[in-house]
Amino acid sequence: MSEKTATGQLAIKRIVDVASILAFSCGVILLYRLATLPPYPWLFVASLVVVMLSLRRRWRGRRVLSMFAAALFGLAWAGWHADSRLVERLPASAEGQRLLVSGYLCNLPAPGSFDSVRFGFCVSKWHSPGLSDEPSLPRHLRLSWYGREGRTLPDHRLMLEVVLKRPHGNLNSEGFRYENWLFRHGYRATGSVKQVSAAPQLECGVRCQYHAWHWRTSQRLNRMFGAAEHYPLIASLLMGDRSHLNDTHWQALKATGTIHLVAISGLHLGLVAVGVGLLARWALLLPAGRLSERSRRSLVFAFVVTGCASYSLLAGFTVPTQRALVMVTAGSWYLLKAQQQSGWLPFALALATVLLMDPFAPLDQGFWLSFGAVAVLMFVFYGRLGATGWLSALVRAQLAVFVGLWPMLMVLNQGQPVAGMLANLVAVPWVSFAVMPVLFVGSMLALLFGDGLLPWVMVGFDRVLGVLWWWLQWIAEVRLGQMRLLPLPLAAGLALLALWAIRWRDWRWRVLFGMTMLVSIPDWQGAGPSNDMAEVPEVRILDVGQGLSVVVRSGSKVMVYDTGPAVPGVYSAAESVLIPNLRAMGIEVIDLLVLSHGDNDHAGGLEQLAEAFEITRVITGEPEAARDRVSASVAACQPDTVRWPDLELSFWRTPLPASGNDASCVLRLYHEQTDSDIILAGDISRRVEQFMIGAEGPGWNRTGLAHRVVLAPHHGSKTSSSPEWIQAMMPDQVIYTAGYRHHFGHPHPDVTRRYRSAGALALNTACSGQIQLSFMRGQILTRELWRSQPFWIASPEGTRSQCQ
């Protein structure tokens, strides 16, 4: 065999090795795209059969079979772990009941809204009668302790009285999904704490002891440096404790694309690896001649891994930290032990190892961004000939990550702020060469020399962090916009061209990079704001919990009816649900904003919506509650009709003196081609309902209409939906917009009984998630979002399928 042939075969073998490892990763990732959990035992058997077939030497397709076997094994591996997690289930009969559990803290407690404390709780034992013998009760709970009156948790091991419910969150096409987050982190029930007591008698294993040590260490760090001006950043960077960061911190970090700086990730562990590696290398050079170069490399590698693992444990050994530890270990192995291998081999091994250790990792956005950033940097720097100066390398790296992650951020429904490129260009080296060394050295000095040195150490901490924070705040105030939202194939193509231009130094490539940026940055769009066309008139009732928000589209016209609930400094449905969904629909202008009335569960987050979109006109039942909150003209709701393409919008408000719920602006959407309508009734009470169906009402009582949908007034409250109103409206379908197991108890059983007696098909956003109504094919087509979701949401045993 010639040397050329042998080299070619070796290259093919390396490619197959990398491809097989990646095939396993693809199998794991594929699972989370499925609506039904596959039978993992049969997948394990199938992968074993394919492996046996691939071992036949004369089989020409054995390399392809090995990759197929790896993909099947990855799918089976992820399916096994997912099934084990889904088996844990809180019985429906236990929801809303007071239960007694004992266990220990799974993570550091964090301050929550209304002076609460939020924490993860690992259950050691269930003490409530009838539950203690259940074999598959949740092992991890997500809890909030309200009404604590300044008290703190008395110990790491606790006995708690809790009220729980099954995992649930708002479900919409876009926006944060709490339900996904709970499943990913293994929380199979959530709830509130009613009584707390220490339980030092509980048995505490290795995991419990580690969490206890981490909790005590965080308390000690707080005692040492809690008086520092930038203590929230100190706790984040040293221990991964981000619970002290406030809204100001998060807004600045988000606006500058630097959230990754306060999560213990590859950057931080990479710095530890470099520092430990250099120290170990220097120390091992002292006994000259006693160690071979190979032995030195092995010892340096061992020291690097040990140092990174120790820092990971100090940082709480969270999911991002574990992922970064694996990636740094793989990179260190390549640099110190396996330089003759392909650079993509450690990348593939790190990816597979992370998925082997944590098959739920693909549910994290950080997983995609971390490996995406590494892949981008490898594409730009790996295999290039010639030295690159540190400044040039820094600029190239930041440009590459900024442009390369742009399409991925689009897929993840996140913006790529242009200011992030400038912010990271300074922040990353400053954190690397100033902040982290000062924090590490200062912490060791404080531990060695005690309280006498603490004031000086804190001054040093605040100086270096003060520079960082000043820079981030200044950049956050510079309005540079975000990268454009383009069709994904176009964005990916532009990003690839830009990366290719960054990789090569030729001036023609640099011109190509400049042209790509000109096309991608929004300031050069030229055209004014516009909306994507809706194929058919549609109405989307968003799932905003206990509140209301509806988006109506007809052609290029867009109307928003109510903006959902908001609690200042805590939650805003406009920011979390409405704005992301409008952007995903390609909407830039809201032609008409209707606020039924001024209550906070219907008009919350109005200022955020007005800042994000151009609003042409506002109509509301309570104009005085909106005039100071938006720049658009605000008109009082009056009987009127507006005609849009294929849709007729009719407005009505009671002429009686009214405020609050009874001042609601009621809207009727009529589609002539299907002879169907939808009634949005706001929060009107029975008093207004009686006037509405009377002789002085709008005349919307049903007579000969083909199909009618009604959004139940006041979320199905017993103060609304009177028998007379339901009889006059005669709905074919009723939709309740209420929170899951909310303390208001909407919809009321008497109300649901009335609609059921009238023959109306009932849906509830608490069960269905987002509901889409489309006027097409001579009828109104209804789509419940939960039915098209992955298996942990659409499972027959899941919360939504059993929701009443």
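Anything mentioned here points back to the structure above.
Report follows, based on the coordinates. Small disclaimer: the values here were computed from a predicted structure and weren't measured. The numbering scheme is per chain: residues are counted from 1 as the chain's sequence reads. With pLDDT at 70 or above as the cut-off, local features in this predicted model cover only qualifying residues; side-chain atom pairs require 80 or more to be listed or tallied, and sums for whole chains, interfaces and linings still use all residues. Excluding hydrogens and water, the side-chain figures rest on all heavy atoms present in the structure.

Some remarks on the pairing of strand S1 (residues 98-105)
Next, step 1: Counted residue by residue, S1 has six buried out of eight residues, so it is predominantly covered.
Next, step 2: As defined by bridge partners, S1 adjoins strand S5 (residues 157-165) across seven bridges and the pair is classed as antiparallel. Bridged to Leu-100 within S5 is Glu-161. Note on classification: 1.4 Å probe, protein chains only; a residue is buried when its accessible area is under 20% of the maximum for its type, exposed when over 50%, partly exposed between these limits. Here a helix means four or more residues in a row that DSSP labels H or I, a strand means two or more in a row labelled E, and each is numbered from the N terminus. DSSP-based pairing: two strands are paired if at least 2 bridges between them are found.

Points about helix H15 (residues 419-449)
Next, step 1: In this analysis, the expected span of each helix is defined as 1.5 Å times one less than the number of residues it contains. In this model, H15 (31 residues) spans 41 Å end to end at C-alpha, consistent with the 45 Å of a helix rising 1.5 Å per residue.
Next, step 2: To get the bend at a residue, fit one axis to the 7 residues ending there and another to the 7 starting there, then take the angle between the axes. At Val-431, H15 shows its largest kink, close to 50°.
Next, step 3: Just beyond H15, the residue with positive phi is Gly-450, at close to 80°.

So, the state of the cysteines
Next, step 1: In this description, a disulfide is simply a cysteine sulfur pair whose atoms lie within 2.5 Å. Taken as a whole, this structure holds three disulfides when the rule is applied.
Next, step 2: The partner cysteine of Cys-106 in its disulfide is Cys-122, sulfur to sulfur 1.8 Å. Sign of the S-S torsion, about 140° for the bond between Cys-106 and Cys-122, identifies this disulfide as right-handed. Of this pair, Cys-106 sits in the loop between S1 and strand S2 (110-111) while Cys-122 sits in strand S3 (residues 117-126); the two residues are 16 residues apart in sequence, bridging distant segments of the chain.
Next, step 3: For Cys-106, a relative accessible area of 12% corresponds to the buried category.
Next, step 4: The residue that forms a disulfide with Cys-204 is Cys-208, at a sulfur-sulfur distance of 2.0 Å. On the sign convention where negative means left-handed, the S-S torsion of about -100° between Cys-204 and Cys-208 marks this disulfide as left-handed.
Next, step 5: Residue Cys-204 is classed as buried on the basis of its relative accessible area, which comes to 18%.
Next, step 6: You can call Cys-208 buried: its relative accessible area is 2%.

As for the packing of helix H8 (residues 266-285) against H15
Next, step 1: Structural elements are reduced to axes, namely lines fitted to C-alpha atoms, with helices fitted over the stretch in contact, and the angle between N-to-C directions of any two is expressed from 0 to 180 degrees. In the contact formed by H8 and H15, the axes pass within 11 Å of each other and the chain directions differ by 60°. Viewed along their axes, H8 and H15 adopt a mutual orientation that is oblique. In this structure, the crossing between H8 and H15 has a hand that is right-handed. Where H8 abuts H15, its residues Leu-267, His-268, Leu-271 and Val-272 lie against Val-428, Val-431, Ser-432, Met-436 and Phe-440.
Next, step 2: Classifying every residue of the contact of H8 with H15 gives seven nonpolar, two polar and no charged. Here the angle decides the label: under 35 degrees means roughly parallel, over 145 means roughly antiparallel, 65 to 115 means roughly perpendicular, and every other value means oblique. Put simply, a crossing is left-handed when the front helix is turned counterclockwise from the back one by less than a right angle, and right-handed when it is turned clockwise. Should any heavy atoms of two residues lie within 4.5 Å, those residues are counted as being in contact. We call Asp, Glu, Lys and Arg charged. Ala, Val, Leu, Ile, Met, Phe, Trp, Tyr, Cys and Pro are nonpolar, and the rest, Gly among them, are polar.

Overview of the sheet that holds strand S8 (residues 549-554)
Next, step 1: Spatial ordering of the open sheet is given by S16-S15-S13-S9-S8-S7-S24-S25, a layout of eight strands whose pairing is mixed. Every other strand in the sheet has two partners, leaving strand S16 (633-636) and strand S25 (779-784) as the edge strands with one partner each. The mean angle between the axes of side-by-side strands here comes to 20°, regardless of whether they run parallel or antiparallel.
Next, step 2: Alignment of strand S24 (residues 771-776) against S25, held across six bridges, turns out to be antiparallel. Each residue of the ladder has a partner; that of Ile-771, found in S25, is Glu-784.
Next, step 3: Relative to strand S9 (residues 557-563), helix H19 (residues 573-584) is tilted by about 165°, and along the sheet it contacts S8 and S9.

Some remarks on the sheet that holds strand S19 (residues 666-671)
Next, step 1: Read across the open sheet, the seven strands follow the order S17-S18-S19-S20-S21-S22-S23; overall the sheet is mixed. Of all strands in the sheet, those with a lone pairing partner are strand S17 (640-644) and strand S23 (761-764), marking the two edges. Taking each pair of neighbouring strands and ignoring which way they run, the sheet shows an average axis angle of 15°.
Next, step 2: Across three bridges, the pairing between strand S21 (residues 707-711) and strand S22 (residues 733-736) is parallel. Bridge pairing in S22 places Val-710 opposite Val-734.

The values reported here are purely geometric and, on their own, carry no functional implication.
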